[in-house]
Amino acid sequence: MRKNSELFTLTYGALVTQLCKDYENDEEVNKQLDKMGYNIGVRLIEDFLARSSIGRCQDFRETADVIAKVAFKMYLGTTPSVTNWSPAGDEFSLILENNPLVDFVELPDNHNTLIYSNLLCGVLRGALEMVQMAVDVRFVQDTLRGDNVTEIRMKFIKRIEENLPAGDE
């Protein structure tokens, strides 16, 4: 497993490097990483549901636990902590002590607004949308920028109603 994760990390690094060459600014690269992640998440959710045998989560707290304890462990080999819940229970943080995507990475000085692991935000957004959950996902802290931890903030926006064709209800 370690060799696979190192290969993925290095391949991801090459992808980000190419995007930095293809786009003029970090904001565009961040958008592209989010978009790519979203497309991965839309497809990855089926694999996740099949491999994990997890049914529909009852609430956002259960969703947070499944993301941290099952999904991150399954695909990235790490388990972030779920913390900083909002009083309304509609927002929380995933704290990654160890982000495997940033192994071997140092951001160049001219890319100080690059959100290197932004692909993860897109993956989470895309996967949750496929299970009828609209969320806002963004990086709040990043060890690549000198923060002590990597923090991804997730906010529940709304439950997406399934649009069934007339007569299929």
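Residues numbered from 1 in each chain as written. Predicted model: local features only at pLDDT ≥ 70, side-chain atom pairs only at ≥ 80, totals over all residues. Heavy atoms only, no water.

(A) The arrangement of the overall build of the protein in detail. A count of helices and strands for the protein gives four helices and four strands. Tracing the protein from N to C terminus, the helices and strands come up as α-α-α-β-β-α-β-β. Against the compact-globule benchmark of 15 Å for 169 residues, the protein has a radius of gyration of 17 Å, which places it among compact chains. Considering only C-alpha atoms, the protein reaches an extent of 55 × 35 × 35 Å along its principal axes. Counting every position in the protein, which comprises 169 residues, the buried fraction comes to 42%. Restricting the contact set of the protein to residue pairs at least 6 apart, pairs at least 24 apart contribute 59%. Accessible area for the protein stands at about 9,900 Å²; split by element, carbon and sulfur atoms hold 50% of it. If you average the places of the 18 positive and of the 27 negative side-chain charges in the protein, the two averages end up 3 Å apart. (Helix = DSSP H or I, 4+ residues; strand = E, 2+ residues; numbered from the N terminus. Rg over C-alpha atoms; globule rule 2.2 N^0.38 Å. Buried < 20%, exposed > 50% of the residue type's maximum accessible area, 1.4 Å probe, protein only. Contact = heavy atoms within 4.5 Å. Areas by Shrake-Rupley, 256 points an atom, 1.4 Å probe, with all protein chains shown as cover. Lys, Arg positive; Asp, Glu negative; His and termini not counted. Charge placed at Lys NZ, Arg CZ, Asp CG, Glu CD.)

(B) Molecular detail of the state of the cysteines. What the rule picks out here adds up to zero disulfides. Take cysteine 121: it sits in no disulfide, and the sulfur closest to it among the cysteines is that of cysteine 20, at 16 Å. Cysteine 121 sits in the buried class, given a relative accessible area of 1%. (Disulfide = S-S within 2.5 Å.)

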